[in-house]
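Understanding the architecture of this molecule
Residues per chain are reported as follows:
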Amino acid sequence: MLRYAKKIPVTELEPGMYVEALDRPWLETDYLLEGVYIETRADIERLSRQVEYVYISAPPKTHRVPLPARPEPLGFSRRGVAPAAVYSRTPQSFSAELAQARLIRDQARDFVLSIQADARAGDTLEDRDARELVVQMMASVSRNPDALVWFTNLKNRDEYTALHSMNVCMLSVALATTMGEPEANVEEMGVGALLHDVGKMKVPMDILHKPARLSADEFAVIKRHPQYGVQLLEQGSQLSAESLRIVREHHERMNGHGYPDGLQGDQISHYAQIVAIADVYDAMTSDRVYQDSRSPGEVMKLMSRSQGDFNPELMGQFVHTLGAYPVGSLIELNTGEVGFVVPSEERQPRPTILVVLDHRKRRYFPQRMRDLNRFPRFRIVRTLANGDYGVDIDDYAAAWS
């Protein structure tokens, strides 16, 4: 018989404790794996909604090390003291990189939210933290290119503007880094990408969040947000000319049908062309107030077939980098089972799936890894939204890393 160190009410849990068992089977909760390390009060609150008592013990030696504390103020100077892992370029496994990628994702989200608040309040905008975050993203992609992409699947209609800016930056940095673009250029591009939509904070909220089709006059206001962004950033930040070009040109199109300046072809910054692809892809794969999301594969087909909007070479690289079903996509198979797309050992025609729910949408334990290249009778029938059937990509990342 298994013996646990101590049975306590959930209310007595403290950060640093390890929960080995519950007062009910793990399969009756929303946890994907058994065992949870308590890092924050949020972890305790999540447990308290599902159980009354838990069994605590010393964490197993194989359990993950808690994430490093988030630096205050947000981001930290390269001249200061920082964990070596933040800047290391040594390749490592997907699961090992997830923890660091999650921290970068959280910091990027908080940064964008703070910048948006400053812009709406008319305060001076600073780009220091943006630059630091981009450097960390570049290092993460060098260690493992899939971990950051995993987190771009985290969508929230209510936080679309902030998450969109963060996702566009991560996707742009991932693409440019894997293409071997010079690091200094990727850094400038990433800063512009993270701040590319800051001008929307000067657009009236009733237009920005209108749930119906915009009138011609309202769309004319929206189309001015690139100029608004440049004006805001020129007043207080130290953004380079190339980063400012990203902010101004991310809605320009290769065929000249974009805005605000109607640029075409090589008139558009090479890096703005990259950001434009990431911008449209993330927007179309996200739920917005006026439009439901489309699947990644459908969006890539639509973008690839567009009438000259995007640089075809860069578009091809983007499709190759992400694949029809990017890592982290939540999908349903023809069997009714549900799972995540996870990295394969090498690029293959069909993805590998971590199956987490059975055909009745009950949790598998243990979960099953299924390489669709080896099992042709299995096929993906649809892409799901994060959170469908109670499966959350962030919870899984926390459990796996």
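Because the structure is a prediction, the values reported are computed rather than measured. (Residues numbered from 1 in each chain as written. Predicted model: local features only at pLDDT ≥ 70, side-chain atom pairs only at ≥ 80, totals over all residues. Heavy atoms only, no water.)

**A look at the environment of Gln291**
The condition that has to hold: A run of DSSP states H or I qualifies as a helix once it reaches four residues; a run of E qualifies as a strand once it reaches two. Both are numbered from the N-terminal end. Relative accessibility thresholds used throughout: buried, under 20% of the residue-type maximum; exposed, over 50%; partly exposed, between the two (1.4 Å probe, protein chains only). The contact criterion used is simple: two residues touch if any of their non-hydrogen atoms lie within 4.5 Å.
Among the structural elements, Gln291 can be located in the loop between helix 12 (270–284) and helix 13 (296–304). A relative accessible area of 28% places Gln291 in the partly exposed class. Taking C-alpha positions, Gln291 is 8.9 Å from Ala212, a pair spaced 79 residues apart along the chain. The contacts of Gln291, once residues within four sequence positions are left out, are Arg157 and Ser286.

**Let's talk about the packing of aromatic side chains**
Geometrically, a pair of aromatic rings is defined through the distance of the ring centres and the angle of the planes. Heads up, the rule is: Only Phe, Tyr and Trp rings take part, Trp by its six-membered ring, and two of them pair if their centres are within 6.5 Å. Stacked means planes under 30 degrees apart, edge-to-face means over 60, and tilted covers everything else. When the NZ atom of lysine or the CZ atom of arginine is within 6 Å of a ring's centre and also within 35 degrees of its normal, the charge is said to sit over that ring.
Considering all chains together, one arrives at five aromatic pairs under this definition. An angle of 45° between the planes, with centres 5.4 Å apart, marks the rings of Trp150 and Phe340 as tilted. On the criterion of sequence distance, the pair formed by Trp150 in helix 5 (residues 145–151) and Phe340 in strand 6 (residues 338–342) is long-range, its members being 190 residues apart. Centroid distance Phe219 to Tyr259: 6.2 Å. Interplanar angle 80°. Geometry classified as edge-to-face. Taken together, the residues span a long stretch of sequence, with Phe219 in helix 9 (residues 216–222) and Tyr259 in the loop between helix 11 (241–249) and helix 12 at a distance of 40 residues. Given the relative accessible area of 38%, Phe219 is considered partly exposed. Taken together, the ring pairs connect Phe94, Trp150 and Phe340 into an aromatic cluster. Across the ring face of Tyr389, the terminal group of Lys361 is positioned such that the distance to the ring centre comes to 5.1 Å. Positioned above the aromatic ring of Phe378, the side-chain terminus of Arg370 is 4.1 Å from the ring centre.

**Digging into the confidence of the model for the chain**
Put simply, the test is: Per-residue confidence from the predictor is reported as pLDDT, a score between 0 and 100.
Per-residue confidence for the chain gives a mean pLDDT of 84, with 88% of residues at or over 70. Within the chain, helix 12 carries the highest mean pLDDT (97), whereas helix 2 (residues 84–87) carries the lowest (67). Every residue in residues 59–82 scores below 50 in pLDDT, and together they form 46 contacts with partners more than four places removed in sequence or on other chains.

**Considerations on the pattern of salt bridges**
Note the cut-off: The salt bridge definition used is simple: a Lys or Arg side-chain nitrogen within 4 Å of an Asp or Glu carboxyl oxygen.
One pass over the structure, following the stated rule, counts 16 salt bridges. Three or more residues joined by partner-sharing salt bridges are found here, namely Arg131, Glu187 and Glu188.

**A short note on the environment of Arg360**
Here Arg360 shows up in the loop between strand 7 (352–357) and strand 8 (363–371). C-alpha separation for the pair Arg360 and Glu337, spaced 23 residues apart in sequence, amounts to 7.6 Å.

**Side note on the packing of helix 7 (residues 183–194) against helix 11**
Condition: Only C-alpha atoms enter the line fits that serve as axes; for helices the fit covers just the stretch in contact. Angles between N-to-C directions range over 0 to 180 degrees. Orientation is classified from the angle alone, with under 35 degrees giving roughly parallel, over 145 giving roughly antiparallel, 65 to 115 giving roughly perpendicular, and any other angle giving oblique. Two helices crossing with the near one rotated counterclockwise from the far one by less than a right angle form a left-handed crossing, whereas a clockwise rotation gives a right-handed crossing. Three residue categories are used. Nonpolar comprises Ala, Val, Leu, Ile, Met, Phe, Trp, Tyr, Cys and Pro, charged comprises Asp, Glu, Lys and Arg, and polar comprises the others, including Gly.
The interhelical angle for the contact between helix 7 and helix 11, taken along N-to-C directions, is 40°, at an axis separation of 8 Å. Taken together, the axes of helix 7 and helix 11 lie oblique to each other. Read as a crossing pair, helix 7 and helix 11 show a hand that is right-handed. Here Glu188, Met189, Val191, Gly192 and Ala193 of helix 7 come into contact with helix 11, specifically with Glu242, Ser243, Ile246 and Val247. When its residues are assigned to classes, the contact of helix 7 with helix 11 shows five nonpolar, two polar and two charged.

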